[in-house]
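Chain by chain, the residues run as shown.
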Amino acid sequence: HLSHTVHCICRRREYEAGQQDGSAGGTEAWPHSVQPFWLSALNTALTAAQASYLGALPVVVVNHKQGPRRGSHAEAKQLSALSLVKAANASCATFFYLNSQVDFTELDLHTQFVANGSWWLRTDAGSFVMHGSDKIFDFSVAAARSAWLATAQHALSQPYISGVFVDKAGGFAPKGI
């Protein structure tokens, strides 16, 4: 993921250089409407050097796969990484990733859903609706909505968080419907 980011930064710099010197390659290298950003995670804790590197981008979104894969606590790992990025560059927009459909098991939010097995979407026959091996949130249940919103609100309460990047599991055919 960092190599893709490096490519984006390099292409953006080529574009900006072309705009400054008037060379033909500038406008072709990077269109005005596209800004480089990073939406991903590393399978290790983010280092200060990596945070500084990512902080050079205008937007950084760290998802639920951040940090070592052992255990859960993905939200804390995301927030820790984003705090390092913001500390490296206060002008970088840092976004907490939260899926609006899939209950990823590495999330602490997932433990709340496990504790109350009625918060996942089910078919009329009673089977869980699945995205791969993950269950789907059932936001027709008020408590499920409240738990999801509490996760988003907790992230937004952090001074180094610019916002929440709300994703959905687009382009998938849910199993069980």
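Note that the structure is a prediction, hence the values are computed from the model and not measured.

Remarks on the packing of helix H3 (residues 48–55) against helix H4 (residues 74–88)
So, step 1. Across the interface, H3 lies against H4 with an axial gap of 8 Å and an inter-helix angle of 65°. In the crossing of H3 with H4, the sense of the turn from one axis to the other is right-handed. Facing H3, whose interface residues are Ala-51, Ser-52, Leu-54 and Gly-55, H4 presents Leu-84, Val-85 and Ala-88.
So, step 2. For the contact of H3 with H4, the class distribution of residues is five nonpolar, two polar and no charged.

Focus: the side chain of Gln-66
So, step 1. Within the secondary structure, Gln-66 sits in the loop between strand E2 (59–62) and H4.
So, step 2. Assessed through its relative accessible area of 3%, Gln-66 is described here as buried.
So, step 3. Within the structure, the side chain of Gln-66 is placed 2.9 Å from the backbone oxygen of Thr-44, a separation counted as a polar contact.
So, step 4. If we skip the residues at most four places from it in the chain, Gln-66 touches Ala-41, Leu-42, Thr-44, Ala-45, Leu-46, Lys-77, Gln-78 and Ala-81.

Analysis parameters
Residues numbered from 1 in each chain as written. Predicted model: local features only at pLDDT ≥ 70, side-chain atom pairs only at ≥ 80, totals over all residues. Heavy atoms only, no water. Axes fitted to C-alpha atoms, helices over the stretch in contact; angles between N-to-C directions. Helix = DSSP H or I, 4+ residues; strand = E, 2+ residues; numbered from the N terminus. Left-handed = near helix turned anticlockwise from the far one by under 90°. Contact = heavy atoms within 4.5 Å. Nonpolar A, V, L, I, M, F, W, Y, C, P; charged D, E, K, R; others polar. Buried < 20%, exposed > 50% of the residue type's maximum accessible area, 1.4 Å probe, protein only. Polar contact = N/O pair within 3.5 Å; in protein donor to acceptor, adjacent residues only side chain to side chain.

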